[in-house]
Every structure is written in structure tokens, then in C-alpha cells.
Amino acid sequence: MERNVSEALRYLGVRGAPDPALLSQLSAAADRLARAAPPRWVWRAFPLVHGPEGPALVGADLALPGKMAARMLGDCAQAAVLICTLGAAFEALLRAEQARGMARAALLDACGSAWVEAGCDEAQAEISARFPGLHPTDRFSPGYGDLPLSLQRDICHVLDAPRRLGVQVTDSLLLNPSKTVTAVIGLSERPQPARIRGCAYCDLGENCQYRKGGTTCGA
């Protein structure tokens, strides 16, 4: 898996060619992260039914309300739900970096956001390999667009995330450990166009709880 340093630069807000010293420090942080906290994930695929309340995962007792889910999954007969996390190992590494300096911690935090997103990419590739005759949609997450953030709890329950990954949902519906992403990926018999890509396409903007927490939903 690539360290995705260029993506970490984006999370830091760096535009254009980065300063060589910054790039060196960021690469060192990425190396520490790669050794200490590799991404881990679990996923399951379910048949989909489409009803007036929106798409629902058969066998999971999980409905996906809102216009985004209906649009993303409208051509899909199946969908996968996914959780990817850097786990408690990242939190421990971040605390150690904070003790050495907040600048070092900021670099590691940016790498963590990029690293968990790279883990989601790997997980999506794994899902695609398991369903070679089907075409994935863009992945999208609770809290993105009009998909309720409250679905975090349902996805964690369906995937047994507390036991399998040590992932919990806070009272404010954020995920703990912090560098954790939940996502939905539709599977269709026909190629799917790219419909969403990143924070610029999301209606939540600065109200996004992920961005306030220093991460993204992975979409």
C-alpha cells in the first residue's frame, strides 16, 4: 500500500510544490505510521431491495434513507458496507508525537487521514475482486450528503466492529478510534459513473462532523 504522502499534503492544506524540508518530515511521519498502525478493515455484502423508504440491505435490517443513497444505489442489486480503521495504535502514536511537539503531531494526523483513506481504497479493491462480474459505485458514508450520521451505529453493529476492530461510536455519533471510516459501496451489473468525489461535492461543508474532528468520511 502506498504511503499516500501527496494526499497527506492535501489534508495539510499545502498547495503547489511542497517545501523539501516539510516533505522530508512528512515522509518520516508516514514511515512511522506505516510501521505502527497499518489499516485494518471488515466488510460484508448484502442483497438490496428498493422501497419507498429507500434502499435496504436484506439480512442486515438496515435501510439507507435519503436522496444520495437512492441515487447512488438505484442501479444496484447488491451493496457492501465497510469499516476501515487505524485503531488504537494510531491514537498511541499521536499522543507520543504530541508530547514531542504539536507540529509533529499535525503531520502525523494528516498522514493518518490519508492512510485510512488508502486503506478504504484497498478494501474496495478487495470487494471488487470478490465480485468480478459487478461494477462498484463511488463509496459514500454516513454524514456525507443527506445520509444520516446515525447510521454509524447500525453499520458498526452489522459488522460487529467493537469486537472485530475495537471501533465504538461516541454519543456525538463520531467513530472512536478517530481515524476510522464507515462506507457503503453499491455493486451493479453495469459500469457506474463517478457521482461524488471528496468534500467539495458534499452539502455539509464546514458543518461536517468529520472535518471538525480532523478526518473525512472517505468519500
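Remember, predicted model here, so these are calculated numbers, not experimental data.

What counts and what doesn't
Residues numbered from 1 in each chain as written. Predicted model: local features only at pLDDT ≥ 70, side-chain atom pairs only at ≥ 80, totals over all residues. Heavy atoms only, no water. Core = buried A, V, L, I, M, F, W, Y, C linked by side-chain atoms within 4.5 Å. Buried < 20%, exposed > 50% of the residue type's maximum accessible area, 1.4 Å probe, protein only. Helix = DSSP H or I, 4+ residues; strand = E, 2+ residues; numbered from the N terminus. Contact = heavy atoms within 4.5 Å. Pairing = 2+ DSSP bridges. Salt bridge = Lys/Arg side-chain N within 4 Å of Asp/Glu carboxyl O. Polar contact = N/O pair within 3.5 Å; in protein donor to acceptor, adjacent residues only side chain to side chain.

Asker: Help me understand the nonpolar core, please; the structure alone is not making it clear to me.
Answerer: The nonpolar side chains of a soluble globular protein tend to be buried, and buried together. In this structure, Leu 26, Leu 33, Leu 82, Leu 86, Phe 90, Cys 111 and Ile 127 are the most contacted members of the largest nonpolar core, which totals 33 residues. Of all elements in the fold, only α1 (5-12), α2 (20-36), β4 (76-85), α4 (87-100), α5 (102-130) and β8 (180-188) reach the threshold of two or more residues within this core. Ranked by the residues each element gives to this core, the list is headed by α5, at 11 residues. Residues within four places of Ile 127 in sequence aside, it is in contact with Trp 43, Ala 80, Ile 185 and Leu 187. Residues Val 42, Leu 151, Val 169 and Leu 175 belong to the second largest nonpolar core, which totals 29 residues.

Asker: Please clarify how α1 should be interpreted in this entry.
Answerer: Along an α-helix, residues three or four apart share an orientation, since each turn contains 3.6 residues. Looking only at α1, the buried set comprises Val 5, Glu 7, Ala 8 and Leu 9. Check the buried side of α1 and you find it contacts α2 and α5.

Asker: Sorry, what's going on with the sheet that holds strand β1 (residues 40-51) here?
Answerer: Strands in a sheet are paired, the pairing made by backbone hydrogen bonds, and the direction either parallel or antiparallel. Ordered in space as β3-β2-β1-β4-β8-β5, the six strands form an open sheet in which the pairing is antiparallel. Across the chains shown, the open sheet's two edge strands, defined by having one partner strand only, are β3 (62-63) and β5 (135-136). By the bridge criterion, eight bridges tie β1 to β4 in an arrangement that is antiparallel. Pairing of Arg 40 across the sheet is with Thr 85, part of β4.

Asker: How should the pattern of salt bridges be read in this particular structure?
Answerer: Note on pairing: side chains with opposite charge can pair once their charged atoms come close. Summed over all chains, the structure comprises eight salt bridges. Across the salt bridge formed by Glu 97 and Arg 100, the nearest N and O atoms sit 3.0 Å from each other. Remark: Arg 100 and Glu 97 occur in helix α4; sequence separation between them is three residues, near one turn of the helix. Classification of Glu 97 as buried rests on a relative accessible area of 1%. Linking Arg 163 and Asp 160 is a salt bridge whose minimum nitrogen-to-oxygen distance equals 2.6 Å. We classify Arg 163 as exposed; its relative accessible area is 65%. Connected via shared salt-bridge partners are Arg 32, Glu 97, Arg 100 and Arg 104.

Asker: Please clarify how the side chain of Ser 188 should be interpreted in this entry.
Answerer: By the element assignment, Ser 188 lies in strand β8. On the basis of relative accessible area, Ser 188 is assigned to the buried category, the value being 1%. A polar contact of 3.0 Å, which involves the side chain of Ser 188, links it to the backbone oxygen of Asp 75. Ser 188 has contacts with Asp 75, Cys 76, Leu 134 and His 135, leaving out every residue within four places of it along the chain.

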